[in-house]
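Breakdown of the fold
So you can see what is in the structure, the chains are spelled out below.
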Amino acid sequence: MLPVLRAYQDYYPAIGDAVYIDPFSSIIGAVELADDVSIWPMCVLRGDVNYIRIGKRTNIQDGCVLHVARKGEATGEGYSLDIGEDVTVGHKAVLHACQIGDRVLIGMGAIVLDNVSIDNDVILAAGSLVPPNKILKSGFLYVGSPAKQARPLTEDEFAFLKRSATHYVNLKNEYLAENN
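Residues numbered from 1 in each chain as written. Predicted model: local features only at pLDDT ≥ 70, side-chain atom pairs only at ≥ 80, totals over all residues. Heavy atoms only, no water.

1. A look at the overall build of the protein chain
Counting its secondary structure elements, the protein chain contains one helix and 20 strands. Taken over C-alpha atoms, the radius of gyration comes to 15 Å for the protein chain, in line with the 16 Å a tight globule of 180 residues would show. Based on the C-alpha atoms only, the size of the protein chain along its principal axes is roughly 45 × 45 × 20 Å. Burial analysis of the protein chain (180 residues in total) assigns 44% to the buried set. Put simply, of all contacts in the protein chain between residues at least 6 apart along the chain, 23% involve residues at least 24 apart. If you sum the accessible surface of the protein chain, you get close to 8,800 Å²; carbon and sulfur atoms cover 54% of it. With 16 positive and 22 negative side-chain charges, the protein chain shows a separation of 5 Å between the mean positions of the two kinds. (Helix = DSSP H or I, 4+ residues; strand = E, 2+ residues; numbered from the N terminus. Rg over C-alpha atoms; globule rule 2.2 N^0.38 Å. Buried < 20%, exposed > 50% of the residue type's maximum accessible area, 1.4 Å probe, protein only. Contact = heavy atoms within 4.5 Å. Areas by Shrake-Rupley, 256 points an atom, 1.4 Å probe, with all protein chains shown as cover. Lys, Arg positive; Asp, Glu negative; His and termini not counted. Charge placed at Lys NZ, Arg CZ, Asp CG, Glu CD.)

Below is the structure:
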């Protein structure tokens with residue numbers, strides 16, 4: 001089996017404490033995972049032409065693809081991928097060169113493209129597409145292709161954002177304990 005963590009040029013992934021990385025995922029280059037992050041099977045995080053940073057207690061679920069944008073005419077210095085704390089990224093989501101705040105849920109199969117900014121406390125519905133250069137404001141549910149603001153989040157949904165992240169911290173702790 002190929003190594004899960006791979007260097008690209010002079011960049012090697014930096015891994016925090018109590019991080020779970022499934023052996024069937026690939027993390028390449030300038031990728032930084034903070035404490036208590038979980039990376040589930042078949043994820044690809046490729047920090048080759050820019051960097052990826054993932055905040056504490058964030059989970060990247062099965063089959064996600066995370067990449068960045070290189071320097072160029074359209075992008076200037078390029079775009080990194082920054083994900084905040086307590087974020088849940090659902091199965092098969094694609095995140096490309098975007099900025100995601102804290103306590104965000106990215107639904108299964110969602111696609112978030114270059115230079116998108118998602119504020120704190122947002123839910124992006126499964127299958128949604130966020131085109132380049134959009135801003136998703138805090139406190140709302142966004143749905144569709146292209147994603148549109150649907151309604152304010154309920155108090156239960158705000159609470160769920162933190163519960164989801166906590167659930168995945170507990171689950172990854174079970175995986176870590178079982179594999180020691």
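2. Points about the packing of aromatic side chains
Counted under the stated rule, the structure contains five aromatic pairs. Arranged with centres 6.5 Å apart and planes meeting at 70°, the rings of Phe140 and Tyr142 form a pair that is edge-to-face. Here the aromatic residues Tyr20, Trp40, Tyr168 and Tyr175 are joined through ring pairs into a cluster of three or more. (Phe/Tyr/Trp six-rings, centres within 6.5 Å; stacked < 30°, edge-to-face > 60°.)

3. A closer look at the layout of surface pockets
The gaps left among the atoms become clear once a water-sized probe is rolled over them. Taken as a whole, the largest pocket encloses approximately 160 Å³ of empty space. Per-element tally for the lining of the largest pocket: the top contributor is strand β6 (residues 44-54), with five residues. Here the residues of the lining of the largest pocket sort into five nonpolar, three polar and three charged. (1 Å grid on protein atoms, 1.4 Å probe; cavity = no way out; pocket = protein on both sides within 12 Å on 5 of 7 lines; lining within 4 Å. Points joined across faces, edges and corners; volume = space filled by probe spheres on them. Nonpolar A, V, L, I, M, F, W, Y, C, P; charged D, E, K, R; others polar.)

4. Some points on the nonpolar core
Ranked by size, the top nonpolar core spans 34 residues in total, and within it Leu45, Ile54, Leu66, Leu95 and Ile106 carry the most contacts. Mapped by element, the contributors of at least two residues to this core are β4 (26-33), β6, β9 (81-83), β13 (104-106) and β16 (122-124). Excluding residues that lie within four positions of it along the chain, Ile54 makes contacts with Glu32, Leu33, Ala34, Val37, Ile39, Leu45, Ile60, Leu66 and Ile83. In terms of nonpolar packing, the next biggest core, distinct from the first, is built from six residues, Leu105, Ile123, Leu153 and Leu161 among them. (Core = buried A, V, L, I, M, F, W, Y, C linked by side-chain atoms within 4.5 Å.)

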